Amino acid sequence: MGLPGGGKSTVGRQLARRLGARFLDADAVLEERIGMPIRAYFEQHGEAAFRDIEESVIEELTREGGSPLVLATGGGAVLRPANRARLHERSTVIYLRSSPDELYRRLRHDTQRPLLQVADPLAKLRELYEQRHPLYDEVAHYRVDTGRPSVATLVNMIMMQLDMAGLLPALGQGAAPISPDPVP
Ligand code: S3P
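Residues numbered from 1 in each chain as written. Predicted model: local features only at pLDDT ≥ 70, side-chain atom pairs only at ≥ 80, totals over all residues. Heavy atoms only, no water.

A. View of the nonpolar core. Judged by nonpolar contacts, the single largest core of 18 residues is most densely connected at Leu15, Leu19, Val70, Ile94 and Ile158. The dominant element in this core, judged by the number of residues it contributes, is helix H8 (residues 151–164), at five residues. Discounting residues that sit within four places of it in the chain, Leu15 has contacts with Val70, Ile94, Val155, Ile158 and Met159. Listed in part, the 17 residues of the second largest apolar core include Met1, Val93, Leu125 and Leu135. (Core = buried A, V, L, I, M, F, W, Y, C linked by side-chain atoms within 4.5 Å. Buried < 20%, exposed > 50% of the residue type's maximum accessible area, 1.4 Å probe, protein only. Helix = DSSP H or I, 4+ residues; strand = E, 2+ residues; numbered from the N terminus. Contact = heavy atoms within 4.5 Å.)

Dropping the structure here:
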């Protein structure tokens, strides 16, 4: 979990590879289901309708069963108490924590995220951080700061946290060993 632009999909995909797990992006599953980009859906049906579908997608994807899965959730999934409860109880939640300034540097040219199509996206990111940081923090089992580290380093940091918590064996035999960061 984490704010938009924090690297949830990129880090999640790499983490899944290291764990020998499947990777799914809840927003991609959702877009397949609604048959249009999220931005278009927001414009036509509004945020509340989007959140209803998001909730049912998360309910399905976190249900027990199947092979190990790394799931990236949309930044706003944390807003609904039902999502928070399901994610916390049914999965190991990792919060990719990023500052609004860092996210603004990455997202200032973004045209796809409906909430950021406003006159002052930095102010919006600050507002989202204020509102959501406590919620991410409440739901998370582990937290990593995305500020400086590369994707490979972030994945290593997460692998180490999971390892220290004794969760790696539980995730399956496919997990790759924790390796030093590649030399750039
Ligand atoms: C949203 C974040 C988006 C997407 C939708 C709403 C949000 O996902 O679910 O645009 O409320 O922050 P990302 O966090 O992957 O950008």
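Read on for the rest.
B. Inspection of the pattern of salt bridges at higher detail. In total, this model carries 16 salt bridges according to the counting rule given. Across the pair Glu59 and Arg63 runs a salt bridge whose closest N-O atoms are separated by 2.6 Å. By relative accessible area, which is 18% here, Glu59 ends up buried. Overlapping salt bridges bring together Asp52, Glu55, Arg80 and Arg86 as one network. (Salt bridge = Lys/Arg side-chain N within 4 Å of Asp/Glu carboxyl O.)

C. The arrangement of the environment of Ile58 in detail. Among the secondary structure elements, Ile58 is positioned in helix H4 (residues 47–61). By relative accessible area, which is 1% here, Ile58 ends up buried. Taking the C-alpha atoms as reference, Ile58 lies 7.0 Å from Ala26; in sequence the two are 32 residues apart. Among all residues touching Ile58, those that are not within four sequence positions of it are Thr73, Ala77, Asn83 and Leu87.

D. Region of interest: the environment of Arg18. Assignment of secondary structure puts Arg18 in helix H1 (residues 8–19). Assessed through its relative accessible area of 15%, Arg18 is described here as buried. For the pair Arg18 and Asn156, spaced 138 residues apart in sequence, the C-alpha to C-alpha distance is 9.1 Å.

E. Structural context of helix H2 (residues 26–34). The set of residues buried in H2 consists of Ala26, Val29, Leu30 and Ile34. All buried residues of H2 project into a common sector of 125° when viewed along the axis, lining one side. Contact partners of the buried residues in H2: strand S1 (22–25), helix H3 (38–45), H4 and strand S2 (69–72). Phi turns positive one or two residues past the end of H2, at Gly35, with a value near 70°. (Arc of directions from axis to C-beta.)

F. Looking closely at the packing of H1 against H8. Two numbers describe how H1 lies on H8: the axes approach to 9 Å, and their chain directions differ by 55°. In terms of axis orientation, H1 runs oblique to H8. Relative to H8, the crossing made by H1 is right-handed. When H1 is examined against H8, the residues Thr10, Val11, Gln14, Leu15, Arg18 and Leu19 are found in contact with a partner set consisting of Val151, Leu154, Val155, Asn156, Ile158, Met159 and Leu162. Taken together, the residues that form the contact of H1 with H8 break down as nine nonpolar, three polar and one charged. (Axes fitted to C-alpha atoms, helices over the stretch in contact; angles between N-to-C directions. Parallel < 35°, antiparallel > 145°, perpendicular 65-115°, else oblique. Left-handed = near helix turned anticlockwise from the far one by under 90°. Nonpolar A, V, L, I, M, F, W, Y, C, P; charged D, E, K, R; others polar.)

G. Local environment of the packing of aromatic side chains. Applying the stated rule across the entire model yields two aromatic pairs. Seen in terms of ring centroids, Phe42 and Phe50 are 4.9 Å apart; in terms of plane orientation they differ by 50°. Their pairing is tilted. Take Phe42 and Phe50: they sit in the same class, and that class is buried. Where Tyr95 meets Tyr136, the ring centres are 4.9 Å apart and the plane angle is 35°; that geometry is what we call tilted. Taken together, the positions of Tyr95 in strand S3 (residues 94–97) and Tyr136 in helix H7 (residues 121–139) put the pair 41 residues apart, joining distant regions of the chain. Grouping residues by exposure puts Tyr95 and Tyr136 together as buried. (Phe/Tyr/Trp six-rings, centres within 6.5 Å; stacked < 30°, edge-to-face > 60°.)

H. A look at the site of the ligand. Inspection of the region around the ligand gives 13 residues, with Lys8, Asp27, Arg51, Arg113 and Arg132 positioned closest. Contacts to the ligand include Asp27, whose side-chain N or O atom sits 2.7 Å from an oxygen atom. Gly76 has a polar backbone atom sitting 3.4 Å from an oxygen atom of the ligand. Against a free-state accessible area of 380 Å², the protein chains account for coverage of 92% of the ligand. Of the residues that constitute the shell around the ligand, the class distribution is five nonpolar, three polar and five charged. (Near = heavy atom within 4 Å. Polar contact = N/O pair within 3.5 Å; in protein donor to acceptor, adjacent residues only side chain to side chain. Areas by Shrake-Rupley, 256 points an atom, 1.4 Å probe, with all protein chains shown as cover.)

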